[in-house]
Amino acid sequence: LDQKFEEVFELVEPEPVAAASIGQVYKGRLLKTGQTIALKIQRPNTEEIVALDLYVLRWWGGVYNEIFRLLGRDINLQGVMDDFGNLLYAEIDYVAEAANARRFSELYAKDVAIADVFVPKVYSELTT
């Protein structure tokens, strides 16, 4: 965002109301409209932590690949870690998640009339 958090949002509750994989969900309010919202906030330094963890996992995967090779097994743990890393990086991309949520809304909005399905509004301009 080009603005400070405090200029756009107000936390209604100081503690998270839910966990969201690599983030936490807070009850918040848009200062501009006063509307109550669910605010998904990524944990600090998530990308750096994920990158380091994946690096370590890939390194150990290489060690185990050699052990498996010596045992006559063809297992590529580094490939598994690469696939896992791709999924994990997709999980921390909140802009892509917002696009997916918009698409979900288009498919399952109120006019589709699926009982008990609520699709929250996504504020793309406030998503980073």
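My aim in this report is to walk through the structure given alongside it, one point at a time. Numbers given for residues are sequential positions, taken from 1 along each chain in its written order. The predicted nature of this model means local features are confined to residues of pLDDT at least 70 and side-chain atom pairs, given and counted, to a pLDDT of 80 or more, with totals for whole chains, interfaces and linings taken over all residues. For the side-chain quantities, the full set of heavy atoms in the structure was used; hydrogens and water were omitted.

1. So, the overall build of the protein
Working step 1: Only DSSP runs of H or I reaching four residues or more are called helices, and only runs of E reaching two or more are called strands; each is numbered from the N terminus. Counting secondary structure elements, the protein contains four helices and four strands.
Working step 2: The N-to-C order of helical and strand elements in the protein reads α-β-β-β-β-α-α-α.
Working step 3: Each radius of gyration is computed over the set of C-alpha atoms, and the globule rule expresses the reference value as 2.2 Å times the number of residues to the power 0.38. The C-alpha radius of gyration computed for the protein amounts to 20 Å, which surpasses the reference 14 Å derived for 128 residues by more than 25%, pointing to a less compact arrangement than a globule.
Working step 4: Counting over 128 residues, the protein shows a buried share of 20%.
Working step 5: The criterion used for residue contact is that any of the two residues' heavy atoms lie within 4.5 Å. When contacts within the protein are restricted to residue pairs at least 6 apart in sequence, long-range pairs at least 24 apart make up 38% of them.
Working step 6: Surface summary for the protein: the accessible area is close to 9,600 Å², and the carbon and sulfur share equals 56%.
Working step 7: For the purpose of counting charges, residues Lys and Arg are taken to be positive, whereas Asp and Glu are taken to be negative. His and the chain ends are not included. Taken as the charge centre is NZ of Lys, CZ of Arg, CG of Asp or CD of Glu, depending on the residue. Across the protein, the 13 positively charged side chains and the 20 negatively charged ones have centroids separated by 3 Å. Burial status follows relative accessibility: with a 1.4 Å probe on protein chains alone, a residue under 20% of its type maximum counts as buried, one over 50% as exposed, and anything between as partly exposed. Accessibility throughout is a Shrake-Rupley quantity obtained with a 1.4 Å probe, and a residue counts as covered only by protein chains that appear here.

2. Concerning the packing of aromatic side chains
Working step 1: Paired rings are identified among Phe, Tyr and Trp, the last through its six-membered ring, by centres lying within 6.5 Å, and are further divided according to the angle between planes into stacked (under 30 degrees), edge-to-face (over 60) and tilted (the rest). Applying the stated criterion across every chain yields a total of four aromatic pairs.
Working step 2: Look at Trp-59 and Trp-60: their rings are 4.8 Å apart centre to centre, the planes differ by 90°, and that puts the pair in the edge-to-face class.
Working step 3: On the accessibility criterion, Trp-60 (44% relative accessible area) is partly exposed.
Working step 4: Relative to Phe-68, the ring of Tyr-64 lies with its centre 6.3 Å away and its plane at 40°, an arrangement referred to as tilted. Of the two residues, Tyr-64 and Phe-68 are both situated in helix H2 (residues 46-70); the distance of four residues between them amounts to about one turn of the helix.

3. Some words on the pairing of strand E4 (residues 36-42)
Working step 1: Two strands qualify as a pair provided that DSSP identifies no fewer than 2 bridges between them. In this structure, strand E3 (residues 23-30) lies alongside E4, joined through seven bridges in antiparallel fashion. Note that in E4 the partner of Gly-23 across the bridge is Gln-42.
Working step 2: Where E3 folds back on E4, the antiparallel hairpin that results is connected by five residues, among which Gly-34 adopts a positive phi of roughly 80°.

4. Examining the environment of Ala-18
Working step 1: Relative to the helices and strands, Ala-18 is located in strand E2 (residues 18-20).
Working step 2: In sequence terms Ala-18 and Lys-40 are 22 residues apart; their C-alpha atoms lie 9.1 Å from each other.
Working step 3: Residues within four places of Ala-18 in sequence aside, it is in contact with Gln-24 and Val-25.

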